[in-house]
Amino acid sequence: PRGSPPPLPRGPSGVPAAPSPRPLGGPRPAVLAIPEGETGSVHKRGKPAESPPFPPRGLSCPSGGVFASGVMLVGDSGVGKTCLLVRFKDGAFLAGSFISTVGIDFRNKVLNVDGVKVKLQIWDTAGQERFRSVTHAYYRDAHALLLLYDVANKASFDNIQAWLTEIHEYAQQDVVLMLLGNKADSTQDRVVKREDGEKLAKEYGVPFMETSAKSGLNVDLAFTAIAKELKHRSMKLPNEPKFKLHDYVKKEVRSTGCCKS
Ligand SMILES: Nc1nc2c(ncn2[C@@H]2O[C@H](COP(=O)(O)OP(=O)(O)OP(=O)(O)O)[C@@H](O)[C@H]2O)c(=O)[nH]1
Ligand SMILES: [Mg+2]
């Protein structure tokens, strides 16, 4: 159907092969050639690029034992995607006026996962509807998606179903997905209970945790859990027990009230 990109060719192991420039439904995104930098942004207007600079799917170990993985942050505008990324990358909270993301920004961070370096290339998408055609183009190459809502904003929670529909349409079937209820520090303004988030996540079979970019609650855990899952998927060592993302998250997750990251 128009609007949904064709599937990527699958490699012999069933793992998708590296993407090649391809026509996408709708207007092509304007992408700057920035794959090697530490930060960057992609705006709606600009020079069309050959292909989005996500690390190629297929999760190879290109050099120096570093796995490159693309993680995308999605969810309504204002739920805290940019703040979550800044907290993870810089350990800081962006207080003050809200600057809505235009197009897409990215940051890289290398994590050490059980002795293996995993380079996460994290794409911070704009939640605003008018940038949707830009973000659609990136789903296909993402290895993992962090889908956020704001516990103090009921509409952002109600929209999760629509986001899941969009993910189903544009992302790869095997994409690692996690639901995050952000702004867990908002005790006064909270309108979505933790149990509601848990219930929704269970319904869709996705791991869930509440996070706070402000306090740091579970922020490192969210990204580490994703990195562990991606690393285990790509290495598949015969003697290593299978990594279970759900179990790991359940075991490690912290509840609100504490401000540990
Ligand atoms: N209390 C609280 N406020 C937060 C938290 N995370 C983000 N905020 C605030 O929420 C507002 C929006 O945060 P952003 O990170 O810019 O939201 P976004 O999801 O990136 O929004 P778009 O770029 O428009 O998609 C800002 O004013 C932040 O200070 C959090 O964990 N707790
Ligand atoms: Mg943003």
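Now for a look at the structure at hand. (Residues numbered from 1 in each chain as written. Chains lettered and ligands numbered in written order. Predicted model: local features only at pLDDT ≥ 70, side-chain atom pairs only at ≥ 80, totals over all residues. Heavy atoms only, no water.)

### Some words on the environment of aspartate 196
Inference 1: Along the chain, aspartate 196 turns up in helix H5 (residues 194-204).
Inference 2: Distance in space between the C-alpha atoms of aspartate 196 and aspartate 174 is 25 Å, their sequence separation being 22 residues. (Helix = DSSP H or I, 4+ residues; strand = E, 2+ residues; numbered from the N terminus.)

### Some details on the coordination of the magnesium ion (ligand 2)
Inference 1: Here the magnesium ion (ligand 2) is held by Thr82 (OG1) and Thr101 (OG1), and the distances to it run 2.0 Å. Linking threonine 82 in helix H1 (residues 81-90) with threonine 101 in the loop between H1 and strand S3 (104-113), this pair joins segments that are 19 residues apart in sequence.
Inference 2: Judged by relative accessible area, which is 10%, threonine 101 ranks as buried. (Donors = N, O, S within 2.8 Å, 3.2 Å for Na, K, Ca; no water. Buried < 20%, exposed > 50% of the residue type's maximum accessible area, 1.4 Å probe, protein only.)

### Points about the side chain of aspartate 150
Inference 1: Structurally, the position occupied by aspartate 150 is in strand S5 (residues 144-150).
Inference 2: Looking at aspartate 150, its side chain comes within polar contact range of the main-chain nitrogen of alanine 152, at 2.7 Å. (Polar contact = N/O pair within 3.5 Å; in protein donor to acceptor, adjacent residues only side chain to side chain.)

### Regarding the pairing of S5
Inference 1: Judged by how many residues are buried, S5 sits mostly within the fold: seven of seven residues are covered.
Inference 2: Of the two faces of S5, both are covered, the one formed by Ala144, Leu146, Leu148 and Asp150 as well as the one formed by Leu145, Leu147 and Tyr149.
Inference 3: When S5 meets strand S6 (residues 176-182), the two strands line up parallel, connected through seven bridges. Looking at the pairing, tyrosine 149 lines up with glycine 181 of S6. (Pairing = 2+ DSSP bridges.)

### Considering the site of ligand 1
Inference 1: As a matter of local geometry, ligand 1 sits amid 25 residues, with Ser77, Lys81, Ser100, Gly127 and Asp185 nearest to it.
Inference 2: One of the backbone N or O atoms of leucine 94 is found 3.2 Å from an oxygen atom in ligand 1.
Inference 3: For the shell around ligand 1, the element with the highest residue contribution is H1, accounting for three residues.
Inference 4: A per-class count over the shell around ligand 1 returns eight nonpolar, 12 polar and five charged. (Near = heavy atom within 4 Å. Nonpolar A, V, L, I, M, F, W, Y, C, P; charged D, E, K, R; others polar.)

### Focus: the packing of H1 against helix H6 (residues 219-235)
Inference 1: Orientation of H1 relative to H6, taken along the N-to-C sense of each, is 85 degrees, at an axis distance of 9 Å. Considering the angle they form, H1 stands roughly perpendicular to H6. Packed against H1, whose contacting residues are Leu84, Arg87 and Phe88, the element H6 presents Val219, Asp220 and Phe223 at the interface.
Inference 2: Residue composition of the contact of H1 with H6, by class: four nonpolar, no polar and two charged. (Axes fitted to C-alpha atoms, helices over the stretch in contact; angles between N-to-C directions. Parallel < 35°, antiparallel > 145°, perpendicular 65-115°, else oblique. Contact = heavy atoms within 4.5 Å.)

### Overview of the packing of aromatic side chains
Inference 1: Evaluation of the coordinates by the stated rule reveals seven aromatic pairs.
Inference 2: Every member of this aromatic cluster is reached through a ring pair, and the members are Phe106, Trp123 and Tyr138.
Inference 3: Over the aromatic face of phenylalanine 88 sits the side chain of lysine 109, whose NZ or CZ is 4.6 Å from the ring centroid. (Phe/Tyr/Trp six-rings, centres within 6.5 Å; stacked < 30°, edge-to-face > 60°. Lys NZ or Arg CZ within 6 Å of the ring centre and 35° of its normal.)

### Concerning the pairing of S3
Inference 1: With 10 bridges connecting them, S3 and strand S4 (residues 116-125) associate as antiparallel partners. Bridge pairing in S4 places isoleucine 104 opposite threonine 125.
Inference 2: In this structure, the hairpin formed by S3 and S4 is closed by a connection of two residues, where aspartate 114 is found at a positive phi of approximately 50 degrees.

### A look at unusual backbone geometry
Inference 1: Within the chain, aspartate 114 stands out as a residue other than glycine whose phi angle is a positive 50 degrees.
Inference 2: With respect to the helices and strands, the residue aspartate 114 is situated in the loop between S3 and S4.
Inference 3: The phi angle at lysine 183 is positive, at roughly 70 degrees, despite the residue not being glycine.
Inference 4: Here lysine 183 lies in the loop between S6 and H5.

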